[in-house]
Amino acid sequence: MMQVEHRGRKRDSIEHFIGLPQIFLANGLAQLRYMVLVEGLQTPQGYDQCPYRCYVWSILCKVPTFPTDKYLALVQSASSSISSEMYQKIKNDTFRTLMHDRHFHSKVSESSLIRILSCLAISIQSKVGYVQGLNVLLAPIVYACHKSEPQAFAILHSLVTNQIPLYITPNLDGVHTGLALVDVVLKIIDPVLSEYLDSKFLKAEIYAFPSVLTLGACTPPLKSVLKLWDLLFAYGTHMNILFVVAQLVINRSQLLNSPQPMKLLRSFPPLEENEIIKLSLSFIPELPKQLYDMTSRHGYDADVPGELKAFLAENNL
C-alpha cells in the first residue's frame, strides 16, 4: 500500500500491514478497516502520537501521496490569486483553531493552517471557496499529517469534495440534513430523551450544529477526536451522526434531570471515545435500513432531504 518510515521502531500489526503490497485492493481495505476497529492505532507514547496515522487516513480515503512541488505551486497560486476578503475570512478563523490546545499548537503553526485553507479555497472556488468551520475540520488532519503539509491538504480536499461536499455549500445543506437525521435517529434510539428535548424545544439545529459541521472535531480532547476519526475514515463520515446521538445517550441522566438541558448542551462534555464508538455501533442494527442508508449518503447526495421527508411521513415520525 504505502512505504512507511519507522526508523528503528518496532512496527505494530497495522503499520506492518500498510507497508505490504496488496494484490486485491478491496480486500486489503476491508482488512485495514477491521484492524482499525479492533486494534486501533495505538502506540506506547499515546493514541494521539501514532506516527503513521497520516498514511492510514490517506489509504482509507484513497488519497495518493501529494507531490511537494505541486503543492508549492498551489501555495504560490493561492498567494497571488486569493481575494483579500477570502483571505481575511480564513485568517479570522485560523488564530482561534483549537486555541486552548497547547500540544496542538506545538506541532501545527497558524501559517500552515492559512496556507492549506488558502489552497483549498482556490481549488474549490467554483463551489464556495471557504466556509466557517473548515479550519476545525482541518485541525485533526494537519495534526496527524504535521510532517507533510501537502498530504494534509490532499486529505482535506478529498474529504470536502468527495465525502461531504454538501457540508460546504453556501447554505451548508448537508449539515442541516445531518442535524435533521440526528433528531430522527435519537427518536428511534432513545424516544424518552427525544421527547424530553422536544418538550424543551431543543432540536439538533440548536445544540448540535458545531458537532455536525466539524464532524465532532470542535469537542475536546483532540486525542479522542483522532480515535473517532479513525472510524470515520474507515467506515464513513456519516458515523458522526451516530456519534452525536451517542454523546446524548451517554449524558441522558443529566439531561433528563435538568430543567434547562440547554445549559449542558451549550458545549458538549469531553468526548468519551470508547463509549461513543461502542454505542454507535450498537445503534446500527436498531435503525431502519432505509434511514441508515440515507444517513450514509447525506453528505454528498442532494436527494436525501426529500427522501427523509417522505420517510418521516410514511412512518409518522
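Per chain, residues are indexed from 1 in the order of the written sequence. Where local features are concerned, this predicted model is filtered to residues with pLDDT of at least 70; where side-chain atom pairs are given and counted, the filter is 80 or more; whole-chain, interface and lining totals use all residues. Working from all heavy atoms in the structure, the side-chain values ignore hydrogens and water.

- Named according to an unreviewed UniProt entry, the protein chain is Rab-GAP TBC domain-containing protein originating from Meyerozyma guilliermondii.
- UniProt positions are given in the numbering used here, feature names are shortened, and annotations may be inferred rather than shown by experiment. You can read under Subcellular location (unreviewed entry) in the UniProt record for the protein chain the words "Cytoplasm, Cytoskeleton".
- Entered under Sequence similarities (unreviewed entry) in the UniProt record, the comment concerning the protein chain runs "Belongs to the BUB2 family."

**Thoughts on the overall build of the protein chain**
Here is step 1 of the chain: The secondary structure listing takes helices from DSSP runs of H or I that are at least 4 residues long and strands from runs of E that are at least 2 residues long, numbered from the N terminus. Tallying secondary structure elements over the protein chain gives 20 helices and zero strands in all.
Here is step 2 of the chain: Since a compact globule built from 317 residues should have a radius of gyration of about 20 Å, the 20 Å found for the protein chain is in line with a globular shape.
Here is step 3 of the chain: If one aligns the C-alpha atoms of the protein chain with their principal axes, the spans along those axes are about 55 × 50 × 35 Å.
Here is step 4 of the chain: Across the 317 residues that make up the protein chain, the buried fraction comes to 53%.
Here is step 5 of the chain: In short, Shrake-Rupley with a 1.4 Å probe defines the accessible areas, and a residue's cover is counted only from the protein chains shown. Here the protein chain displays about 15,000 Å² of accessible surface, and carbon together with sulfur accounts for 55% of that area. Each radius of gyration reported is based on C-alpha atoms, and the globular scaling rule is 2.2 Å times the count of residues to the power 0.38. For the exposure calls, accessible area comes from a 1.4 Å probe over protein chains only, and a residue counts as buried if that area is under 20% of its type's maximum, exposed if over 50%, partly exposed in between.

**What to know about empty space enclosed by the protein**
Here is step 1 of the chain: Here a cavity denotes grid points, spaced 1 Å and computed from the protein atoms alone, that fit a 1.4 Å probe unable to get out, and a pocket denotes an open set having protein on both sides within 12 Å along at least 5 of 7 lines; residues with an atom within 4 Å of a point are the lining. Grid points are joined across faces, edges and corners, and a volume is the space filled by probe spheres set on the points. Within this structure, the stated rule accounts for one cavity of 30 Å³ or more.
Here is step 2 of the chain: The volume enclosed by the largest cavity comes to roughly 50 Å³.
Here is step 3 of the chain: Forming the boundary of the largest cavity are Q247, I250, N251, P269, P270, L271, E272 and I276.
Here is step 4 of the chain: Here the lining of the largest cavity is built from residues that sort into five nonpolar, two polar and one charged. Note on residue categories: nonpolar means Ala, Val, Leu, Ile, Met, Phe, Trp, Tyr, Cys or Pro, charged means Asp, Glu, Lys or Arg, and polar means any other residue, Gly included.

**Remarks on the nonpolar core**
Here is step 1 of the chain: Core analysis: the largest hydrophobic core is formed by 110 residues, its most contacted members being V56, L156, Y207 and W229.
Here is step 2 of the chain: Both domains that furnish three or more residues to this core are identified here as domain 1 (22–163) and domain 2 (173–315). Grouping buried Ala, Val, Leu, Ile, Met, Phe, Trp, Tyr and Cys residues that are joined through side-chain atoms within 4.5 Å yields what is termed a nonpolar core. Where each domain begins and ends follows an automated or database-derived domain assignment.

**Looking at the side chain of H238**
Here is step 1 of the chain: Relative to the helices and strands, H238 resides in the loop between α14 (222–235) and α15 (239–250).
Here is step 2 of the chain: A polar contact is formed between the side chain of H238 and the side chain of Y292, at a distance of 2.9 Å.
Here is step 3 of the chain: Ignoring sequence-local partners within four residues, the contact set of H238 consists of Y292, T295, S296 and H298. Each polar contact in these results corresponds to two N or O atoms within 3.5 Å; when the atoms are within protein, one needs to be able to donate a hydrogen and the other to accept it, and residues that are neighboring in sequence are counted only if both atoms are side-chain atoms. Only heavy atoms enter the contact rule, under which two residues are in contact if any of them lie within 4.5 Å.

**Section: the packing of helix α2 (residues 25–38) against helix α3 (residues 53–60)**
Here is step 1 of the chain: To get an axis, a line is fitted to the C-alpha atoms, and for a helix only the part in contact is used. The angle between two axes follows their N-to-C directions and goes from 0 to 180 degrees. The contact between α2 and α3 brings their axes to 11 Å, and the two run at 135°. It follows from the interaxial angle that α2 and α3 lie oblique. Every pair of crossing elements has a handedness; the one defined by α2 and α3 is left-handed. Residues L29, L32, R33 and V36 of α2 form the contact with α3, whose participating residues are V56, I59 and L60.
Here is step 2 of the chain: A class-by-class count of the residues in the contact of α2 with α3 yields six nonpolar, no polar and one charged. Should an angle fall under 35 degrees it is called roughly parallel, over 145 degrees roughly antiparallel, and 65 to 115 degrees roughly perpendicular, with every other angle called oblique. Take the far helix as your reference; a near helix turned counterclockwise from it by less than a right angle gives a left-handed crossing, and one turned clockwise gives a right-handed crossing.

**Some points on the environment of Y143**
Here is step 1 of the chain: With respect to the helices and strands, the residue Y143 is situated in helix α8 (residues 134–144).
Here is step 2 of the chain: With a relative accessible area of 2%, Y143 lands in the buried category.
Here is step 3 of the chain: On a C-alpha basis, the gap between Y143 and Q49 in space is 9.7 Å, while along the polypeptide they are 94 residues apart.
Here is step 4 of the chain: Residue contacts for Y143: discarding those within four places in its chain leaves D48, Q49, H103, F104, K107, V108, L222 and L226.

**Quick look at the packing of aromatic side chains**
Here is step 1 of the chain: Any two rings among Phe, Tyr and Trp, with Trp reduced to its six-membered ring, count as a pair given centres within 6.5 Å; such a pair is stacked if its planes are under 30 degrees apart, edge-to-face if over 60, and tilted if neither. Within the structure shown, the criterion is met by seven aromatic pairs.
Here is step 2 of the chain: A ring pair is formed by W57 and F233, whose centres lie 4.8 Å apart and whose planes are at 50°; its orientation type is tilted. Placement of the pair is W57 in helix α3 and F233 in helix α14, with a sequence separation of 176 residues. Pair check on accessibility: W57 and F233 agree, each one buried.
Here is step 3 of the chain: In textbook terms, an aromatic cluster arises when at least three aromatic residues are bridged by ring pairs, as seen for W57, W229 and F233.

**Considerations on the side chain of T295**
Here is step 1 of the chain: With respect to the helices and strands, T295 occurs in helix α19 (residues 289–297).
Here is step 2 of the chain: At a separation of 2.9 Å, a polar atom in the side chain of T295 contacts the main-chain carbonyl oxygen of L291.
Here is step 3 of the chain: Those residues in contact with T295, other than ones at most four positions away along the chain, are L181, H238 and I241.

**Quick look at the domain arrangement of the protein chain**
The figure often quoted for interface size is the accessible area lost as the parts come together.
Here is step 1 of the chain: Partitioning the protein chain into structural domains gives domain 1 (22–163) and domain 2 (173–315).
Here is step 2 of the chain: Computed from C-alpha atoms alone, the centre-to-centre distance between domain 1 and domain 2 is 24 Å.
Here is step 3 of the chain: Listed by partner, the interface residues are 26 residues for domain 1 and 20 residues for domain 2.
Here is step 4 of the chain: Here domain 1 and domain 2 share an interface that buries about 2,000 Å² over both sides, 74% of which is from carbon and sulfur atoms.
Here is step 5 of the chain: Between D230 and R53 there is a salt bridge, with the nearest N and O atoms lying 3.0 Å from each other.
Here is step 6 of the chain: At the boundary of domain 1 with domain 2, the tally comes to four residue pairs in polar contact (both at pLDDT 80 or more).
Here is step 7 of the chain: Elements that contribute at least two residues to the side of domain 1 that touches domain 2 include exactly α2, α3, α8 and α9 (149–163). The buried area of a pairing is the accessible area, by a 1.4 Å probe, that goes missing from both parts when the two are put together, added over both. Basic side-chain nitrogens of Lys or Arg form a salt bridge, by our definition, when they fall within 4 Å of a carboxyl oxygen of Asp or Glu.

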